[in-house]
Amino acid sequence: MDNWENNISAFENAESYDKEVKTVFLDTLSYAPRERYKELFEYFFRGYQEYKSKSGALVYYPGEFSGGGQSINALEGFARFFPLGCSYVLNTQNAPMEMEGESINVAELLRKAVLAGSDPMSKEYWGSIGSRDQKMAEAADIALGLWISKEFIWDMFDEGEKKQIYSWLMQIRGKKHGDNNWNLFPVMVVKSLEALGMAEPKDVEVAHKKFERYIKKDYLGKGWFKDGEAPPDYYNAWAIQYCLFWLNQMHPDFHSEFICKANADFSEFFKHFFGAEGFPMMGRSVCYRMAVPSPIIAASLLNQEVVSPGEALRALDYTWSYFISNGALSKGKVTQGFYSDDLSVLNLYSGAGSCLWSLRSLVTAFYVDSKTNLLEVEPQKLPVEIEDFQLRNDRIDWVISGDQETGVITLEILSNPLEPVLGLKPYSNWDAFLEILWQYPHRPNNKKALYENRFYTSENKLFRNAGR
């Protein structure tokens with residue numbers, strides 16, 4: 001693997017910024033939501049600035065590599081921060097970022113990065129996109145970011161630059177991919193380009209057929225999708241519902257009734273998962289955990305009768321406060337675990353930059369705030385703060401229940417046996433040895449503990465002693 005040993009260290013004074021973001025974000029009395037979320041964006045922006053390549057198209061975060069190696073990790077580092085930067089640019093109308101006495105034009109910085117990454121002659125070129133290529137996922141995020149920030153980034157490119165970016169993104173044309181949530185990546189690329197005025201009619205037609213086949217084949221009902229062979233999990237929230245929301249925003253007439261109904265049905269059940277002490281975690285890609293409330297925030301725009309803006313802000317706030325207070329931000333980035341770094345729950349495909357999919361709830365929030373002033377609303381109590389509840393979703397055999405007195409929220413998966421209770425296998429010295437020997441990730445397979453327990457609660461005892 002290319003450059004297996006990731007010797008990148010934290011930037012100077014990184015710990016002081018870790019403490020600062022924790023102090024400001026958790027101080028809800030001294031700081032209004034808008035100030036707190038601005039501080040959070042600046043934290044991640046600083047991380048981007050400190051670890052980025054010269055032109056900014058690649059970001060070399062410290063931490064563990066994925067199976068894709070350094071080049072994929074560096075692309076993920078950019079592509080998964082980029083939509084947040086774009087959403088913040090839209091939200092602030094590209095107001096200058098003041099940092100250490102310097103005034104920074106964030107849109108111009110990101111514009112130059114996209115040009116460098118999409119230029120085959122650049123040292124920072126993102127590379128060609130093949131079948132079953134991780135770059136397909138990253139292309140979807142880059143295309144989305146360009147649409148979100150159209151007025152401030154895309155419209156600043158000349159025609160030749162637009163064609164260069166188009167050519168890189170449309171390498172996804174005809175490429176094979178997994179028959180799961182990956183169906184949405186080429187659709188997102190084409191529909192973003194269509195909204196930017198750059199798509200070919202034949203590509204749009206192919207994207208429409210792919211989308212229609214996907215929802216016909218994989219939609220389970222009540223807002224939930226199956227995802228390949230995986231049991232139901234939070235990919236429904238941070239990947240599938242997330243993409244549906246953006247497709248709706250780019251093209252309000254594109255399957256609008258289906259998308260809005262799916263979001264409403266999903267969110268009516270899902271808003272019961274959130275409380276002051278987090279939510280019950282299960283399933284793979286644990287390090288994407290802060291993205292879980294994304295569809296709830298989307299619902300506050302699409303379906304306010306189901307989720308009010310006050311409820312959405314509360315769910316977002318509780319999620320980020322819970323993880324920040326438990327050490328989930330470090331060295332200008334999201335940690336590679338549930339709380340701190342924890343290789344026992346880090347998938348082989350997850351590197352340091354990968355975990356920035358956690359930012360998707362912030363991408364959604366800054367965008368929705370630009371439409372509804374979400375960050376100005378009065379937070380409203382969530383279901384567990386109002387009364388005890390128990391709800392069943394018969395499409396996925398999940399029961400969610402809440403205890404108002406303790407605040408504990410419990411997910412019961414009815415199709416799983418009551419016994420035994422399965423714990424996480426730790427990342428061992430043997431795993432570490434094999435990683436060095438093979439120069440490839442070797443992490444314990446914890447699928448059973450993450451999918452096959454009967455109960456998962458917001459106390460998250462499964463993760464409490466892991467990797468800490």
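Reading guide: rules and limits
- Sequence positions are assigned chain by chain, starting from 1 and proceeding in written order.
- At least 70 in pLDDT is required for a residue's local features to be given in this predicted model, at least 80 for side-chain atom pairs to be given and counted, and no such filter applies to totals for whole chains, interfaces and linings, which use all residues.
- With hydrogens and water stripped out, all remaining heavy atoms of the structure feed into the side-chain values.
- Here, a strand pair is defined by DSSP locating no fewer than two bridges between the strands.
- A run of H or I in DSSP becomes a helix once it reaches four residues, and a run of E becomes a strand once it reaches two; helices and strands are each numbered from the N terminus.
- An axis is simply a line fitted to the C-alpha atoms; with a helix, the fit covers only the stretch in contact. Between two such axes, the angle follows the N-to-C directions and lies from 0 to 180 degrees.
- Should an angle fall under 35 degrees it is called roughly parallel, over 145 degrees roughly antiparallel, and 65 to 115 degrees roughly perpendicular, with every other angle called oblique.
- Whether a crossing is left-handed or right-handed is set by the direction in which the near helix is turned from the far one by less than a right angle, anticlockwise for left-handed and clockwise for right-handed.
- Pairs of residues are marked as contacts when any of their non-hydrogen atoms sit within 4.5 Å.
- A simple rule labels every residue: compare its accessible area, found with a 1.4 Å probe on the protein chains alone, to the largest value its type can have, and call it buried under 20%, exposed over 50%, or partly exposed in between.
- In this context, the arc is that of the directions from the helix axis out to the C-beta atoms.
- For the purposes of these results, a polar contact is taken to be a pair of N or O atoms within 3.5 Å, where, inside protein, one atom must be able to donate a hydrogen and its partner to accept one; residues adjacent in sequence count only when each atom of the pair is a side-chain atom.
- Put plainly, a pocket is an open set of points on a 1 Å grid over the protein atoms alone with protein on both sides within 12 Å along at least five of seven lines, a cavity is a set where a 1.4 Å probe fits but cannot get out, and a lining residue has an atom within 4 Å of a point.
- Grid points are joined across faces, edges and corners, and a volume is the space filled by probe spheres set on the points.
- In this classification, Asp, Glu, Lys and Arg are treated as charged, Ala, Val, Leu, Ile, Met, Phe, Trp, Tyr, Cys and Pro as nonpolar, and every other residue, Gly included, as polar.

Enquirer: Just to check I follow, could you spell out the sheet that holds strand S8 (residues 398–402) for this structure?
Expert: Strand pairing in a sheet is mediated by backbone hydrogen bonds. Such pairs are either parallel or antiparallel. The sheet built from four strands is open, its strands ordered S7-S8-S9-S10 with antiparallel pairing. In the strand order of this sheet, the two ends are held by strand S7 (389–393) and strand S10 (455–457), each with one partner. For this sheet the average axis-to-axis angle between neighbouring strands, irrespective of direction, equals 15°. Both strand S9 (residues 409–413) and S10 contribute to a ladder of three bridges, which runs antiparallel. Looking at the pairing, threonine 410 lines up with threonine 457 of S10.

Enquirer: For this particular structure, what's the right way to read the packing of helix H12 (residues 294–302) against helix H13 (residues 309–325)?
Expert: Describing two packed helices takes the angle between their axes plus the distance from one axis to the other. Here H12 crosses H13 at 165°, and the two axes come no closer than 9 Å. As judged from the angle between their axes, H12 and H13 are roughly antiparallel. When you trace H12 past H13, the crossing you get is left-handed. From H12, Ile296, Ile297 and Ser300 reach across to H13, where they touch Pro309, Ala312, Ala315 and Leu316.

Enquirer: What am I meant to see in helix H7 (residues 159–169) here?
Expert: Inspection of H7 places Lys162, Ile165, Tyr166, Trp168 and Leu169 among the buried residues, and these make up the whole buried set. Looking straight down H7, one finds that the buried residues subtend no more than 160° of arc, so they occupy a single side. Lining the buried residues of H7 we find helix H5 (106–118), helix H6 (134–148), helix H8 (184–195) and helix H9 (201–218). Backbone nitrogen of glycine 160 and a side-chain oxygen of the N-cap are separated by 3.1 Å at the start of H7; the cap is aspartate 158.

Enquirer: Quick question: what am I supposed to make of the pairing of S8 here?
Expert: Looking along a regular strand, one sees the side chains alternate between the two faces of the sheet. Most of S8 sits out of view: five of its five residues are buried. The alternating pattern of S8 places Trp398, Ile400 and Gly402 and Val399 and Ser401 on opposite faces, both of which are buried. Where S7 lies against S8, five bridges are found, and the strand directions are antiparallel. Within S8, the residue paired with arginine 392 across the bridge is valine 399. The loop that links S7 with its antiparallel partner S8 comprises four residues; one of these, aspartate 397, has a positive phi angle of about 60°. In terms of strand pairing, S8 meets S9 through five bridges, oriented antiparallel. What sits directly across from isoleucine 400, in S9, is leucine 411. Between S8 and S9, which pair antiparallel and follow one another directly, the connecting turn spans six residues, one of which, glycine 407, has a positive phi of 80°.

Enquirer: Looking at this structure, I do not really get the layout of surface pockets. What am I missing?
Expert: Looking at the largest pocket, its volume works out to about 440 Å³. As for the largest pocket, its lining consists of 20 residues, and the residues nearest its centre are Arg284, Asn347, Tyr349, Lys447 and Tyr451. When its residues are assigned to classes, the lining of the largest pocket shows 10 nonpolar, five polar and five charged. Residue lining of the second largest pocket: 19 residues in total, with Gln134, Trp182, Tyr235, Tyr288 and Tyr349 positioned closest to the centre. At the level of secondary structure, the elements contributing two or more residues to the lining of the second largest pocket comprise helix H3 (69–79) and H6. Looking at the lining of the second largest pocket, its residues break down into 10 nonpolar, six polar and three charged.

Enquirer: Just to check I follow, could you spell out the environment of valine 21 for this structure?
Expert: Inspection of the secondary structure assignment puts valine 21 in helix H1 (residues 14–26). Expressed as a C-alpha distance, the spacing of valine 21 and asparagine 183, which sit 162 residues apart in the sequence, is 37 Å. The residues touching valine 21, leaving out its near neighbours within four places in the chain, are Glu39, Leu40, Tyr43 and Leu329.

Enquirer: Please clarify how unusual backbone geometry should be interpreted in this entry.
Expert: Trans peptide bonds make up most of the peptide bonds, and negative phi angles are found at most residues other than glycine. Backbone torsion omega between glutamate 419 and proline 420 reads -10°, so that peptide bond is classified as cis. Relative to the helices and strands, proline 420 resides in the loop between S9 and helix H16 (429–438). The phi dihedral of lysine 222 falls on the positive side, at around 55°, and the residue is not glycine. The residue lysine 222 is located in the loop between strand S3 (219–221) and strand S4 (224–225) in this model. Phi angles above zero are rare outside glycine, and aspartate 397 is one such case at about 60°.

Enquirer: When you look at the environment of glutamate 212 in this model, what are you seeing that I'm missing?
Expert: With respect to the element layout, glutamate 212 can be found in helix H9. On a C-alpha basis, the gap between glutamate 212 and glutamate 12 in space is 50 Å, while along the polypeptide they are 200 residues apart.

Enquirer: Would you mind showing me how to read empty space enclosed by the protein here?
Expert: A probe matching the size of a water molecule, rolled over the atoms, marks out where space remains unfilled. One pass over the full model with this rule turns up three cavities of 30 Å³ or more. A volume near 40 Å³ is recorded for the largest cavity. If you trace the largest cavity, you find it lined by Asn6, Ile8, Val59, Tyr60, Tyr61, Phe65, Gln70, Asn73, Ala74, Ala352 and Gly353. Across the lining of the largest cavity, the residue classes break down as seven nonpolar, four polar and no charged.

Enquirer: Could you clarify how one ought to interpret the packing of helix H10 (residues 235–250) against helix H11 (residues 256–270) in this entry?
Expert: Direction vectors running N to C along H10 and H11 enclose 145°, while the axes themselves pass 10 Å from each other. In this structure, the crossing between H10 and H11 has a hand that is left-handed. Across the interface between the two elements, Asn236, Ala237, Gln241, Leu244, Leu247 and Asn248 from H10 touch Ser256, Ile259, Cys260, Ala262, Asn263, Phe266 and Phe270 from H11. A class-by-class count of the residues in the contact of H10 with H11 yields eight nonpolar, five polar and no charged.

Enquirer: I keep staring at the side chain of histidine 272 and nothing clicks. Help me out?
Expert: If you trace the backbone, histidine 272 turns up in the loop between H11 and H12. Judged by relative accessible area, which is 12%, histidine 272 ranks as buried. A distance of 3.1 Å separates the side chain of histidine 272 from the backbone oxygen of glutamate 268, its partner in a polar contact. Not counting chain neighbours up to four residues away, the residues in contact with histidine 272 comprise Pro383, Phe389, Leu391, Ile400 and Ile409.

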